[in-house]
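This is what each chain is made of:
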Amino acid sequence: MPRIRSVATAPALNRRTLLAATGAVSLSAGIGLALRPQAPAHAATAAQAPVADSVAHAEGRLATAGPKGPAALAPYTRGTTLGSVATPRSGSTGYRRLGDGAGWKRVVRDELAAPKTGRADRRTALAAFVQLTDLHLIDAQHPLRLEYLRSQNKSAWRPQETLTVAGAVSLIERVNSLHGAPATGTPLHFVMTTGDNTDNNSKTELEWFLKVMSGGRITPNSGDPRHYEGVQASGLKTYWQPDAALRDADKQLGFPRVQGFLEAAIRELRSPGLKLPWYSTVGNHDALPLGCYGSRGDSYLTEFAVGGKKLMSLGSAEAAALAKSIKNGSSPKGAAFHDLLMAHSREMRSVTPDEKRAPFTPAEYVKAHLDPAYTGPGPIGHGYSSANLSAGTQYYTFRIAEDVIGVSLDTTDPGGHYEGSIGTAQLRWLERTLSENADSYVIVFSHHTSKTMRNTHPDPAHPAERRHGGDEVVALLARFSNTLAWVNGHTHKNEIIPHAAPGNRSFWEVCTASHVDFPQLARVIELVDNKDGTLSLFTTLIESAAPHATDFSDLTQTGLAALYRELSFNAPGARTDLSGTSRDRNTELILKKG
């Protein structure tokens, strides 16, 4: 089987019909389809929609299964939120310690199709994968950061921000420990990140992200290699000062003093890297400085990012005005931010300059993914290829299984603002991809949700091109009966939305919570054919591998990952609704076959 095949040369025979009749491919039998590490990357240009035909990633596991084939399927709950969830042990106010809590039960959702009895005995697994989203690996000492907005909103800065790398590595450890997919036991075949992999659009963060995913040693520090220089060592009461005896605002709420915290937070740690092939989708924090400014043409802000000055405090009135301009998009290229920094230059503190903090361009983002040093378990480029570089795009297709393809969109708006949209060229490309792959089921991935694609600032590189919002994307996806799901993130909240359409063209939108804000989750998604005219999508949430309970004296890599979760739970002003309802967590989503 060729690794890459143009859609134009695909046989006219409907694979779904053939495979359903013959049982030629069954992932429940252990045949995992994903690109080998040595396979070339594959990307769609604006003119075509090539799809990579996958090869068996599970060959190694199958080879060790013996002459009788792979082990029998074994659904499980341990290591998932079906078994246990981090829960406060006692109290309702102040700093609360976490421990083991009851798991979240699976809920069957039937808004788009009625579940039929006996389906568990009939079903065949078609695909299984893990979604990571909104890792937000943060260079917490970066000069451009907006910590001082906390003067008007406590949640604008979070006490866990120095520990994002340790938390992400622990999530990788959890994914590596999973024994197949929880609902069916079928092998997992790839991991998809749905954006905001970095936080400040900084090269330091991009390097950390790629090492977290593909494996390597990481020192989550920038500036002075000897010690931390950010707001948590500033002596300002606005921020949690973990090492100091100072009774700061957070300690007044019960936060602990943890001596040695900052030294431990910037200490080198090691990521084992994923054992599964992984793909990458871009988010607004990956595409724009601070996730909101289309400021690449502003040389002052670019130099400030790598320079030796940092603003750490700001009055509440000015902070509120800046926050308002970010929210309403009145200064999408960062002019208001530029002016504010210049006006407060005398109040800035000195920090160590670092060229590695420079913002990266979309082309540099793609090139970094193509770097052989970060190939890990593959595929080369993690979805991106030289075709993306040539076309200046960050969207592509890939084959998930023999009769399932994945589509990764770029919903970021280069014109600025944290909400998203797509240009006409990408919308038309998506339409062609869906049409030309009518014999394959389609799962769409993006960073933004349908509700958060309302930003239509023009793309500076294509100022005459129209931008399209979430409603138009939903309408397009609902025209094609092969669309099964749209998987995304951005809101940091679990939410599953049914999109009903006539003619068996309904699909589910699955939005997963972030891994920076509590409850810090990722999601396993399984697609199965129930052999009764319906399909099921199983969604199962997972936490990192770190224990729920913390020990303030444990500043090891694992101890910091546990503390990362507990600090996020206690972060002042943090939202308490991000886990969603029971219908947004562990589910079985029923669909009629298209």
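Note that the structure is predicted; figures quoted are calculated from it, not measured.

**Considerations on the overall build of the protein chain**
Scanning the protein chain from N- to C-terminus turns up 15 helices and 25 strands. A buried classification covers 61% of the 594 residues belonging to the protein chain. Relative to all contacts within the protein chain whose residues are 6 or more apart in sequence, the contacts with residues 24 or more apart total 77%. Here the protein chain displays about 21,500 Å² of accessible surface, and carbon together with sulfur accounts for 53% of that area.

**Overview of the confidence of the model for the protein chain**
For the protein chain, mean pLDDT is 90; residues scoring 70 or higher make up 88% of the total. Within the model, the stretch residues 1-42 combines pLDDT values under 50 with 127 contacts to residues more than four positions away or in other chains. Here residues 46-71 is modelled with pLDDT under 50, and outside its nearest four sequence neighbours on either side it reaches 66 contacts, counting other chains as well.

**A short note on the sheet that holds strand E9 (residues 190-194)**
With respect to topology, seven strands assemble into an open sheet ordered E7-E25-E24-E23-E8-E9-E12, the strand pairing being mixed. For this open sheet the edge positions go to strand E7 (107-109) and strand E12 (278-281), each flanked by a neighbour on one side alone. Strand-to-strand twist across the sheet, computed as the mean angle between neighbouring axes with direction ignored, equals 20 degrees. Packed onto the sheet, helix H4 (residues 164-177) meets strand E8 (124-132), E9, strand E23 (522-529) and strand E24 (534-542) and runs at close to 165 degrees relative to E8.

**Observations regarding the layout of surface pockets**
Volume-wise, the largest pocket comes out at about 1,500 Å³. Forming the boundary of the largest pocket are 45 residues, of which Ser155, Arg158, His285, Tyr418 and His492 lie nearest the centre. Here the element with the most residues in the lining of the largest pocket is helix H9 (residues 316-328); it accounts for four residues. The residue inventory of the lining of the largest pocket, partitioned by class, reads 14 nonpolar, 16 polar and 15 charged.

About the criteria used
- Residues numbered from 1 in each chain as written.
- Predicted model: local features only at pLDDT ≥ 70, side-chain atom pairs only at ≥ 80, totals over all residues.
- Heavy atoms only, no water.
- Helix = DSSP H or I, 4+ residues; strand = E, 2+ residues; numbered from the N terminus.
- Buried < 20%, exposed > 50% of the residue type's maximum accessible area, 1.4 Å probe, protein only.
- Contact = heavy atoms within 4.5 Å.
- Areas by Shrake-Rupley, 256 points an atom, 1.4 Å probe, with all protein chains shown as cover.
- pLDDT = per-residue confidence, 0-100.
- Pairing = 2+ DSSP bridges.
- Axes fitted to C-alpha atoms, helices over the stretch in contact; angles between N-to-C directions.
- 1 Å grid on protein atoms, 1.4 Å probe; cavity = no way out; pocket = protein on both sides within 12 Å on 5 of 7 lines; lining within 4 Å.
- Points joined across faces, edges and corners; volume = space filled by probe spheres on them.
- Nonpolar A, V, L, I, M, F, W, Y, C, P; charged D, E, K, R; others polar.

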